[in-house]
Amino acid sequence: VQLVESGGGLVQAGGSLRVSCAASGRTFGTWTMGWFRQAPESDREFVAGISWSGGATNYADSVKGRFTISRDNAKNTVYLQMNSLRPEDTAVYYCAAAYRPLSELTTHPDYWGQGTQVTVSS
């Protein structure tokens, strides 16, 4: 599985941004997908996850109500819509895939993308 993120950039606080992750492979529809992020001098942290069907999602408390994860299995793509962005959301955002239940994605992702930088200015 190869994951390629896109859509990062610079945005002002309060603004919105959508990042995308295109996945290779014919079995995309069977993978749990998610987003993580890593700020400078910080550990990588879970942001959001979505089940293979899109029927279940979960979010870190810090982004609940502001971020929305979705997927299009026909396009092998997962999205993260980020609204009401804050300077503390600044980080490299990584797409992740796991061939396991959504509940295990936060600790056992199997594949990573290369990351895309999101910078929120105050």
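Residues numbered from 1 in each chain as written. Predicted model: local features only at pLDDT ≥ 70, side-chain atom pairs only at ≥ 80, totals over all residues. Heavy atoms only, no water.

### A word on the overall build of the protein chain
Put simply, the rule is: Under the DSSP-based scheme used, a helix requires at least four consecutive residues in state H or I and a strand at least two consecutive residues in state E, with every element numbered from the N terminus. Radius of gyration means the value over C-alpha atoms here, while the globule rule gives 2.2 Å times the residue count to the 0.38 power. Where accessible areas are quoted, they stem from the Shrake-Rupley method and a 1.4 Å probe; at the residue level, only the protein chains shown are allowed to cover. Within this scheme the basic residues Lys and Arg register as positive and the acidic residues Asp and Glu register as negative, but His and the chain ends are omitted. Lysine's charge is taken at NZ, arginine's at CZ, aspartate's at CG and glutamate's at CD.
Scanning the protein chain for helices and strands turns up one helix and 11 strands. From first element to last, N terminus to C terminus, the protein chain shows the α and β order β-β-β-β-β-β-β-β-β-α-β-β. Against the 2.2 N^0.38 benchmark of 14 Å for 122 residues, the protein chain shows a C-alpha radius of gyration of 13 Å, consistent with a compact globule. C-alpha extents for the protein chain along the principal axes are approximately 40 × 25 × 25 Å. Looking at the protein chain as shown, the accessible area adds up to about 6,200 Å², and 47% of this sits on carbon and sulfur atoms. On the protein chain, the mean spot of the 10 positive side-chain charges and the mean spot of the 10 negative ones are 8 Å from each other.

### Focus on the packing of aromatic side chains
For clarity, the threshold we go by: Between the rings of Phe, Tyr and Trp (Trp by its six-membered ring), a pair exists once the centres lie within 6.5 Å; its type follows the angle of the planes, with under 30 degrees stacked, over 60 edge-to-face, and the other angles tilted. As a reminder, the over-ring test applies to NZ of lysine and CZ of arginine, requiring each to be within 6 Å of the ring centre and within 35 degrees of the ring normal.
Tallying each qualifying case throughout the model produces five aromatic pairs. Ring geometry for Tyr 94 versus Trp 112: centroids 6.4 Å apart, planes at 85°, classification edge-to-face. Taken as a pair, Tyr 94 in strand β9 (residues 91–98) and Trp 112 in strand β10 (residues 111–112) lie far apart in primary sequence, 18 residues in all. Stacked on the ring of Tyr 94, the Lys or Arg Arg 44 has its end atom at 3.7 Å from the ring centre. Over the aromatic face of Phe 28 sits the side chain of Arg 71, whose NZ or CZ is 4.6 Å from the ring centroid.

### Some words on the nonpolar core
Looking at soluble globular proteins, one finds that nonpolar side chains tend to be buried together. Where we set the bar: Working definition of a nonpolar core: buried Ala, Val, Leu, Ile, Met, Phe, Trp, Tyr and Cys residues. They are joined through side-chain atoms within 4.5 Å. When a residue's accessible area, from a 1.4 Å probe over protein chains only, is under 20% of the maximum for its type it is buried; when over 50% it is exposed; and in between it is partly exposed.
Within the largest apolar cluster, 28 residues are counted, with the highest numbers of intra-cluster contacts made by Met 33, Trp 35, Leu 80, Met 82 and Tyr 93. Looking at this core, the elements that each hand over two or more residues are β3 (17–23), β4 (32–38), β5 (45–50), β7 (67–72), β8 (77–82), β9 and β11 (116–121). The next biggest cluster of nonpolar side chains, apart from the first, holds six residues, and it includes Phe 46, Ala 98, Leu 102 and Leu 105.

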